[in-house]
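Okay, here's what each chain looks like letter by letter:
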Amino acid sequence: MNLPPSPARSLALFCKVVDNFGDIGICWRLARQLQHEHGIAVTLWVDDLVSFRRLCPPVQIDVDVQQVGGVTVCFWRDQEGTFVPDDVPDIVIEFFGCELPPAYVAAMAQCTPRPVWLNLEGLSAEAWVEGCHTLPSPHPRLPLTKHFFFPGFTAQTGGLLHEAGLLEQRLQCQRDPIASATFLAALGVTPTEIAALKVSLFCYPHAPVAALFEAWQHGACAITCLVPDGVATDAVSAFLGEPAVPGAVRTVGALTVRVLKFVAQPDYDRLLWACDLNFVRGEDSFVRAQWAGRAFIWHIYPQDENLHHVKLRAFLQRYAAGTASLTAAALCWNGVDTQPAQDWSVLWPRLLADLPAIAREATGWQQQMLVNGDMTANLLKFALALRSVTKENKVQSAVAR
Ligand code: TRH
């Protein structure tokens, strides 16, 4: 079958790694999906190949330009460089307001038609996002307009990224306990640990991990807590009584804590699918936990003046409005002051009792999110609409001349 040529075939995505793995984690997913599902030639500019390699081991850290999984990956060294219009693709995306090299922007301004320029923003459940999604921002000097694109949880936002076939893959894995057990066994998890309630733990260092471990140790339910390498190392080492390196494990009372290696991104999804409860953080693991269909507790990325508490509450209001135990645990995990103050020895048994109901409700949430469409497809649709406007303008101005 001969399909009409796509009106936009090339795209550059610029990613500055501000912190940790979420920036590159999100950009890498987006880049792959644009290439695999939409046939776009994607160039991913990233300024930190070492972080990138943690979640995508084929990445080479000493190479300026490389092909990884069908995507051209360029090391974004600095803001210098010479660029000409031929270097500029049909669509340019800057992630999270990272500033493009000035010469690149100048080359964009010289293109005919000019590229579509989008700023992909961070995820928030706050109401103001709907009003800012797709807003234009004209360049102060050059004939270029950047548009804001916000992921989100409602139809008036860009939605959440989910790859084609993701839910089917997840269901297939979760319906096959042997496949799940084989996956965990390959990470070093023993059959006894697999038989317990499995919890993955991915959080920032300030999470009250020691207090949660204490409650788990003294609880009636056997728990296996799987912690990726480098996560909450102080609290985990204190529990283990030895350095928290992959393979380290210790059981105290009802709790076994095991340190896993940091896995490649697709395996992190499988880990979430295989666990009964997931502690996630930042943005990308937070979204993946929603697609995993299991209960999760979100450790939100901290911001000045506790702005993140507002974001956390906005999400919980949408997601967990009816589940008091989940809301209480999430607030406590994030250090939000509550009246009366909550303690894990009380919070945990309540949350544990609600886990099956929370997992059931997760399915309803997914259906709700799927109605908003996939963020990547939404973003491309928006870019193509802007591009056809740009082309029309070009034709009109040529006719007027
Ligand atoms: O790592 P994070 O805290 O990342 C971010 C960044 O700090 C960013 O600056 C900030 O803006 C954002 O949070 C809110 O958490 P996040 O977003 O969950 O990203 C983690 C990525 O690492 C995600 O893509 C999953 C991946 N990952 C693996 O691939 N393997 C693993 O073993 C683990 C634990 C995670």
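Everything below is about the structure printed above this text.
Residues numbered from 1 in each chain as written. Predicted model: local features only at pLDDT ≥ 70, side-chain atom pairs only at ≥ 80, totals over all residues. Heavy atoms only, no water.

## Quick word on the site of the ligand
Definition in use: Note on definitions. A residue lies near a molecule or strand when any single heavy atom of the residue is within 4 Å of it. Polar contacts, as used here, are pairs of N or O atoms within 3.5 Å; protein pairs need one atom able to donate a hydrogen and one able to accept it. Residues neighboring in sequence count only if both atoms are side-chain atoms. The protein chains shown are the only cover counted for residues, whose accessible areas, like all others here, come from Shrake-Rupley with a 1.4 Å probe. Starting at the N terminus, helices and strands are each numbered in turn, a helix being any DSSP run of H or I of at least four residues and a strand any DSSP run of E of at least two. Residues were grouped as follows: Ala, Val, Leu, Ile, Met, Phe, Trp, Tyr, Cys and Pro as nonpolar; Asp, Glu, Lys and Arg as charged; and all remaining residues, including Gly, as polar.
In the vicinity of the ligand there are 23 residues, among which G22, Y204, V263, D284 and S285 approach most closely. In this structure, an oxygen atom belonging to the ligand sits 2.6 Å away from a side-chain N or O atom of S285. Protein coverage of the free-state accessible area of the ligand, which is 710 Å², stands at 96%. Listing elements by their share of the shell around the ligand, those giving two or more residues are helix 1 (22-38), helix 10 (265-274) and helix 11 (284-292). Looking at the shell around the ligand element by element, the count peaks at three residues for helix 1. Residues of the shell around the ligand, tallied by class, amount to 12 nonpolar, six polar and five charged.

## A look at the nonpolar core
For clarity, the threshold we go by: The nonpolar core is taken to be a set of buried Ala, Val, Leu, Ile, Met, Phe, Trp, Tyr and Cys residues, with the residues joined through side-chain atoms within 4.5 Å. We call a residue buried when its accessible area falls under 20% of the maximum for its residue type, exposed when it is over 50%, and partly exposed in between, using a 1.4 Å probe and counting protein chains only. Note that the domain bounds were set by an automatic or database domain assignment. Should any heavy atoms of two residues lie within 4.5 Å, those residues are counted as being in contact.
Counting 80 residues, the largest nonpolar core has F213, W216, F315 and W333 as the members making the most contacts within it. Residue assignment places this core across two domains, with domain 1 (10-160 + 374-400) and domain 2 (166-362) each supplying three or more. Setting aside its immediate chain neighbours within four residues, F213 contacts L201, C225, A235, V236, F239, L255 and V257. Among the nonpolar cores identified, the runner-up in size contains 39 residues, and W28, L34, C56 and V116 belong to it.

## Focus: the packing of helix 8 (residues 209-218) against helix 14 (residues 344-371)
Applicable threshold: The axes are straight lines fitted to the C-alpha atoms, using for helices just the contacting stretch, and the angles between their N-to-C directions are given from 0 to 180°. With the far helix as reference, a near helix turned anticlockwise by less than a right angle produces a left-handed crossing, and one turned clockwise produces a right-handed crossing.
Axis separation between helix 8 and helix 14 bottoms out at 9 Å; the angle between their running directions is 65 degrees. In this structure, helix 8 meets helix 14 at a crossing whose hand is right-handed. Contact residues: A211, L212, A215 and W216 in helix 8; W344, S345 and W348 in helix 14. Considering only residue class, the contact of helix 8 with helix 14 consists of six nonpolar, one polar and no charged.

## Considering the packing of aromatic side chains
Where we set the bar: Classification of ring pairs uses Phe, Tyr and Trp, with its six-membered ring standing for Trp, and accepts pairs whose centres are within 6.5 Å; under 30 degrees between planes counts as stacked, over 60 as edge-to-face, and the remaining range as tilted.
Counting across every chain of the model gives 30 aromatic pairs. Measuring from ring centre to ring centre gives 6.0 Å for F149 and F382, while their planes differ by 40 degrees; the resulting arrangement is tilted. Note that F149 is positioned in strand 8 (residues 145-149) and F382 in helix 15 (residues 375-400), a separation of 233 residues in sequence. Residue class for F149 comes out buried when judged on its relative accessible area of 1%. By relative accessible area, F382 is classed as buried at 18%.

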